[in-house]
Amino acid sequence: MPELPEVESLRRYLIREGLVGRTFEQIDLEDKPSPKSGTGAISGTKNTVGRQVRSLERRGKQIAAVLDKGVLGFHMGMTGQIHVLEPDEPAPRFTRALFTMSGGFRLVLADPRRWAKIQHFESPDHAFAGLGPDALDPKFTSEQFACLLDGRKAQIKPLLLNQAIIAGVGNIYADEALHRVEISPAKRTNEIASEKLGTLFLAIRVSLEHALEFILNHPDDRGRPYIVDAYDARMQLHRKAGSFCPRCEIPLVTMKLGGRTAYYCASCQK
Ligand SMILES: [Zn+2]
């Protein structure tokens, strides 16, 4: 599933390929009808015809192409991938939307599971509604993060995954960060000292930045960001049965929290 580092590498790839400044000329959608809202929605794309891309913004796992009027928002869902096509390249399997832009530039969304969303909004604020500050936003400080979590009784990991509090922390990066600072994913947040929450915030940043760096350095053979799986060298914790704590060298254990599987070390994470 594309997480913040994958989505940020996609944003940079699209900028590098020259998306900014292009105008939408034609949009071809799959024949299957898409829902107008919610999972898998594709809506309002007609409003982008004739509009120029001014910038590409990201908050959390969402991208917004800011146009000269309105915004086109993208969410990759589980399996969504956006690529720029070569001049004669046919649209790939599982194409849901093909955007033809000025200068013959073609952008395609391929999405086997059909959970990705593309929606037109009035403004970036509408596109990013409901999202907290981005985890890598330089204006977002560890003090602000500690303040947002301060005194909450909920277990820490589900709070980290709450995109309304902090946008862009996914399941695997929450596990990575909690392991780095030796906090159990099930720890009650109000039992964690404020300074320790500050350290956790920095660990989240380190985990996300390390993954982004890894993805940027491992593009596919056409320079496109690929969706990395959770077992590669980005991760300190190897999310599979029989893997070990890199610190204690004892087997990691798993726990279900808020419907997501946490991997952690029962010895060093308290
Ligand atoms: Zn350990």
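Residues numbered from 1 in each chain as written. Predicted model: local features only at pLDDT ≥ 70, side-chain atom pairs only at ≥ 80, totals over all residues.

Here we come to the sheet that holds strand E5 (residues 71-75). Across the sheet, five strands lie side by side as E2-E9-E5-E4-E3; this open sheet has mixed pairing. On the outer flanks of this sheet lie strand E2 (42-43) and strand E3 (53-59), each paired with one strand and no other. With six bridges joining them, E3 and strand E4 (residues 62-67) adopt antiparallel strand pairing. In the strand pairing of E4, Leu 56 is matched with Ala 65. Across the sheet, helix H1 (residues 4-17) is in contact with E3 and E4; its angle to E3 comes to roughly 165°. (Pairing = 2+ DSSP bridges. Helix = DSSP H or I, 4+ residues; strand = E, 2+ residues; numbered from the N terminus. Contact = placed C-beta atoms within 7 Å. Axes fitted to C-alpha atoms, helices over the stretch in contact; angles between N-to-C directions.)

Attention shifts here to the sheet that holds strand E1 (residues 24-29). The strand order E1-E7-E8-E6 describes an open sheet built from four strands, whose pairing is antiparallel. The sheet terminates laterally at E1 and strand E6 (81-84), the two strands that pair on one side only. Going from strand to strand, the sheet's axes swing by 15° on average, the running direction of each strand aside. Examined bridge by bridge, strand E7 (residues 95-101) and strand E8 (residues 106-110) share five bridges and lie antiparallel to one another. Bridge pairing in E8 places Leu 98 opposite Val 108.

One finds Tyr 173 and Ile 204 to be the most contacted residues of the largest nonpolar core, which totals 61 residues. In terms of residues, this core owes the most to one element, helix H6 (residues 194-216), which gives eight residues. (Core = buried A, V, L, I, M, F, W, Y, C linked by C-beta atoms within 7 Å. Buried ≥ 20, exposed ≤ 12 C-beta atoms within 10 Å, placed from the backbone.)

For the chain, the assigned domains are domain 1 (4-127) and domain 2 (142-264). Each of domain 1 and domain 2 has a C-alpha centre, and these two points are 28 Å apart. On the domain 2 side, the residues contacting the 12 residues of domain 1 number 13 residues. Counting residues per element, the ones that place at least two in the side of domain 1 that touches domain 2 are H1 and E6. Of the residues forming the side of domain 1 that touches domain 2, the biggest block, seven residues, is contributed by H1. (Domains from an automatic or database assignment.)

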